Amino acid sequence: MLELNRIQAKSWKFIILNTFFLLVLHLQTINAEQCLKTEDIVRSIRGRWTYKCVNQKCHKTLYKGEQGSQQISLNVCKLKCGDPPGALWPLPNGHVSIHDRIIPINPNNINIESVSANNKDIDWKVGKLFLELRKSFLTRIVSEATTRDARAEGNGLIIRLQVHDTISGRPTLDMDESYHLHVDTVDNKIVANIEAQSYFGSRHGLETLSQLVAYDDVSNSLVMPAKLEIRDRPVYKYRGLVLDTARNFIPIEDIRRTIDAMATVKLNIFHWHITDSHSFPMESKTFPNLTIYGAYGPDKIYTQKEIRDLVEFAAWKGVKIIPEFDAPAHTGEGWQWAPPGTLICLNDQPWYDHCVEPPCGQLNPVNENVYKILSGIQTDMHEMFDLSDVFHMGGDEVQFKCWNSSKEVVEFIESKGWNQSDSKSMFRIWDIFQSRAYSSLQQVTNKSPQAILWTSTLTEREDVTEFLDTNKYIVQIWTTGTDAQIKDLAKKGYRMIFSNYDALYLDCGFGGWVSGGNNWCSPYKPWQTIYSNDMVQLVKQVTGSEYKTEMTQLIYGAAAALWTEQVDEQSLDGRVWPRLAALAERLWTNPSTPWQDAEFRMLAQRERLVRMNIEAEALEPEWCRQHEGDCPDLRSLNRN
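Bear in mind the structure is a predicted one, so any value in this text is a computation, not a measurement.

Caption draft 1: Region of interest: the overall build of the protein chain. Helix and strand counts for the protein chain stand at 20 helices and 20 strands. Oriented by its inertia axes, the alpha-carbon framework of the protein chain measures out at about 115 × 85 × 55 Å. Counting only contacts in the protein chain whose residues sit at least 6 apart along the sequence, the fraction spanning at least 24 positions is 73%. Accessible surface, the protein chain as shown: approximately 28600 Å² in total, 49% of it carbon and sulfur. When the 68 positive and 81 negative side-chain charges of the protein chain are each reduced to one mean point, those points stand 5 Å apart.

Here is the structure:
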């Protein structure tokens, strides 16, 4: 009996082990079948769908493989579909002709040649820019092919860059950015000629060409139109982004990535709000204590070498960096070491009695030490940025109550026989500061640069021309786009840059940080609002019957602004992109059509940014990108 029990136990063990092994074998078989099914599913997805161009829109449809039909990928459809085709961003501002014949190119057989026009020698600085541009373009195209595992087959591509001005390698406010792109295919060779007056125009032409090279997931190859012609130039000279790096420090590599993305949509101005009352992160060699006292920490400093390298990088990308030293207000941290009386209201509490946000701080316009230090700051900036063309002098949110709290200021007013309670006295003091600050700039640069100032109580005065020369000063609008101040500035002949907060402030629509609820400029500004910010129409609306055609010439351009009280490098990309691309098209093309007409190209541009590792926010479900025209609420056309 005992032996029988042992035999039965062994039998049960055998049965259990056998069952276990059979189960494992069965699971392995299922997994193997599942792997095969997954591969089959992927192949089926690729072979199941095609895209058709219907009413200039790409639609995803079932591919049935009928005789004579051709399967077309979404990317190829976008190259052939649209008015104009190509999903270009920004839309060219001139003649566009793109042939619907799409041919493959070999990413390993691309050559870029620099041809100097009129037999001029290329300056070594411009030559260096061309070499970097060539490297950038080739890296992008080859990277696209490698990432997609595209076939290295197809036609060779020869790109010839012809530039008339072979000397100017530094972006300026008045640079010529026009270009002519012509592509033809001869004997299995694609020849792309880009002719431009300046390096910067040729750079834009190459950027446009890169958008016309797409990955075709049907043929598993890179493709482009066999023939095309584009003549293009921007409507506005000034197309930019204001980035504040004083409220929260933004690492240099993140700024670099932002400038790189700006170049892809042909933005040309990076307005760097590099210091404020919160911090002074810029390295000053003239007055090192500004940095020692003003930086958030030893790892949160922009060294002079980093800044010079960034300026050179931006120039290669066709972007001019304009630094801002905001004064006489918006100064504080970094000035604690200065002689007594140099700064007024430093970190006064309660802060709301002396400034618009903590910490407070304002330069003393009647203290000589102010101008010595200011000259040093301008010297440092000139050596890094070259201020001989333009400099942003701030001039924002000056608080007269702060100045009136200074014994030195009050005594100065009394010595002049002015009335302390009369605001005119405060404007006279402000004028003293601004005049001396500009004179210092002239001495530092040995020139008379263009100076930019924010709108303020000074610029809204009737007698503003007594303080600010229209030939020297450009006014940046940060009020609403319907502010009557715009009318007055236009009538007086001031050139204007628009950053009206009701459309172009990228930090709006989030929670308050010095109060409950939403922040002061809410609601959020979606890309549609930015795209629709037509500055000519704003000026016409404000000036009414007084509008004259020459007033349009006073609009220098615009810049979206990101103030970083609630932003750092972790959230930078999403706050800026892809909304900034909407401004890029507004400024390059100034379209007369509504945002609905640009929606499908905007979705394509967002995808380009993501492929550049820009963490741009999603705008719509991907279904909308695959079914163009089926998502917009057409009733909204009646509301915009």
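Caption draft 2: Just the packing of helix 10 (residues 407-415) against helix 11 (residues 423-445), in detail. At a minimum axis distance of 11 Å, the contact between helix 10 and helix 11 shows a crossing angle of 105 degrees. It follows that helix 10 is roughly perpendicular to helix 11 by the angle criterion. Counted together, Val-409, Phe-412 and Ile-413 of helix 10 and Ser-425, Met-426, Ile-429 and Ile-432 of helix 11 form the full contact between these two elements. Taken together, the residues of the contact of helix 10 with helix 11 sort by class into 6 nonpolar, 1 polar and no charged.

Caption draft 3: Representation of the sheet that holds strand 18 (residues 473-477) within the structure. Pairing is parallel in the closed barrel, where 8 strands are placed in the order 11-12-13-16-17-18-19-20. Along the sheet, successive strands turn relative to each other by an average axial angle of 30 degrees, direction set aside. As defined by bridge partners, strand 12 (residues 269-273) adjoins strand 13 (residues 320-327) across 5 bridges and the pair is classed as parallel. In the strand pairing of strand 13, His-273 is matched with Glu-324. Against the sheet, helix 11 makes contact with strand 13, strand 16 (390-394), strand 17 (450-454) and strand 18, and its axis sits at roughly 155 degrees relative to strand 16, the strand it touches most. Of the strands in this sheet, strand 11 (238-244) and strand 20 (555-562) touch helix 18 (residues 579-588), which is tilted by about 150 degrees from strand 11.

Caption draft 4: The arrangement of the side chain of Asp-396 in detail. Mapped onto the elements, Asp-396 comes out in the loop between strand 16 and helix 9 (400-404). Put simply, Asp-396 is tucked away with no salt bridge, and the nearest opposite charge, on Arg-247, sits 6.8 Å away. Residues within four places of Asp-396 in sequence aside, it is in contact with Asp-326, Ala-329, His-330, Trp-454, Thr-455 and Trp-478.

Caption draft 5: Up close: the state of the cysteines. Scanning the entire structure with this criterion turns up 6 disulfides. Between Cys-53 and Cys-81 runs a disulfide, and the two sulfur atoms are separated by 2.0 Å. Across the S-S bond linking Cys-53 and Cys-81, the dihedral sits near 75 degrees, which makes this disulfide right-handed. Here Cys-81 lies in the loop between helix 2 (74-80) and strand 3 (96-98) and Cys-53 lies in strand 1 (residues 49-54), a separation of 28 residues in the sequence. Among the residues examined, Cys-81 registers a relative accessible area of 6% and is labelled buried. Across the disulfide, Cys-58 is cross-linked to Cys-77 (sulfur-sulfur distance 2.1 Å). Across the disulfide from Cys-58 to Cys-77, rotation about the S-S bond amounts to roughly -105 degrees, and the bridge is consequently left-handed. Here Cys-77 lies in helix 2 and Cys-58 lies in strand 2 (residues 57-62), a separation of 19 residues in the sequence. The residues Cys-58 and Cys-77 share a single accessibility class, namely buried.

Caption draft 6: Quick look at unusual backbone geometry. Residue Pro-359 is bonded to the preceding Pro-358 through a cis peptide linkage, with omega at 0 degrees. Within the fold, Pro-359 resides in the loop between strand 14 (343-344) and strand 15 (362-363). Residue Pro-578 is bonded to the preceding Trp-577 through a cis peptide linkage, with omega at 5 degrees. Inspection of the secondary structure puts Pro-578 in the loop between helix 17 (572-576) and helix 18. The phi dihedral of Asn-55 is positive, around 55 degrees, even though this residue is not glycine. Of note, Asn-55 is situated in the loop between strand 1 and strand 2.

Caption draft 7: Fine view of the pairing of strand 16. The element strand 16 is largely enclosed, with a buried count of 5 among its 5 residues. Here strand 16 shows a buried face lined by Val-390, His-392 and Gly-394 and a second buried face lined by Phe-391 and Met-393. Strand direction decides the pairing type here: strand 13 and strand 16, joined by 2 bridges, are parallel. By the bridge assignment, Glu-324 is partnered in strand 16 with His-392. Both strand 16 and strand 17 contribute to a ladder of 4 bridges, which runs parallel. Note that in strand 17 the partner of Phe-391 across the bridge is Ala-451.

Caption draft 8: Examining the packing of aromatic side chains more closely. Within the structure shown, the criterion is met by 26 aromatic pairs. Here Tyr-199 and Phe-200 contribute two aromatic rings whose centre-to-centre distance is 5.2 Å and whose plane-to-plane angle is 80 degrees, an arrangement assigned as edge-to-face. For Tyr-199, a relative accessible area of 0% corresponds to the buried category. Taking the relative accessible area as the measure of exposure, Phe-200 reaches 1% and is therefore buried. Consider the rings of Trp-478 and Trp-520, whose centres lie 6.2 Å apart with planes at 85 degrees: the pair is edge-to-face. Of the two residues, Trp-478 is situated in the loop between strand 18 and helix 12 (484-492) and Trp-520 in the loop between helix 13 (501-504) and helix 14 (527-531); the sequence distance between them amounts to 42 residues. Grouped by ring-pair contacts, the aromatic residues Trp-454, Trp-478, Tyr-501, Tyr-505, Trp-520 and Trp-563 constitute a single cluster.

Conventions we followed
Residues numbered from 1 in each chain as written. Predicted model: local features only at pLDDT ≥ 70, side-chain atom pairs only at ≥ 80, totals over all residues. Heavy atoms only, no water. Helix = DSSP H or I, 4+ residues; strand = E, 2+ residues; numbered from the N terminus. Contact = heavy atoms within 4.5 Å. Areas by Shrake-Rupley, 256 points an atom, 1.4 Å probe, with all protein chains shown as cover. Lys, Arg positive; Asp, Glu negative; His and termini not counted. Charge placed at Lys NZ, Arg CZ, Asp CG, Glu CD. Axes fitted to C-alpha atoms, helices over the stretch in contact; angles between N-to-C directions. Parallel < 35°, antiparallel > 145°, perpendicular 65-115°, else oblique. Nonpolar A, V, L, I, M, F, W, Y, C, P; charged D, E, K, R; others polar. Pairing = 2+ DSSP bridges. Buried < 20%, exposed > 50% of the residue type's maximum accessible area, 1.4 Å probe, protein only. Salt bridge = Lys/Arg side-chain N within 4 Å of Asp/Glu carboxyl O. Disulfide = S-S within 2.5 Å. Phe/Tyr/Trp six-rings, centres within 6.5 Å; stacked < 30°, edge-to-face > 60°.

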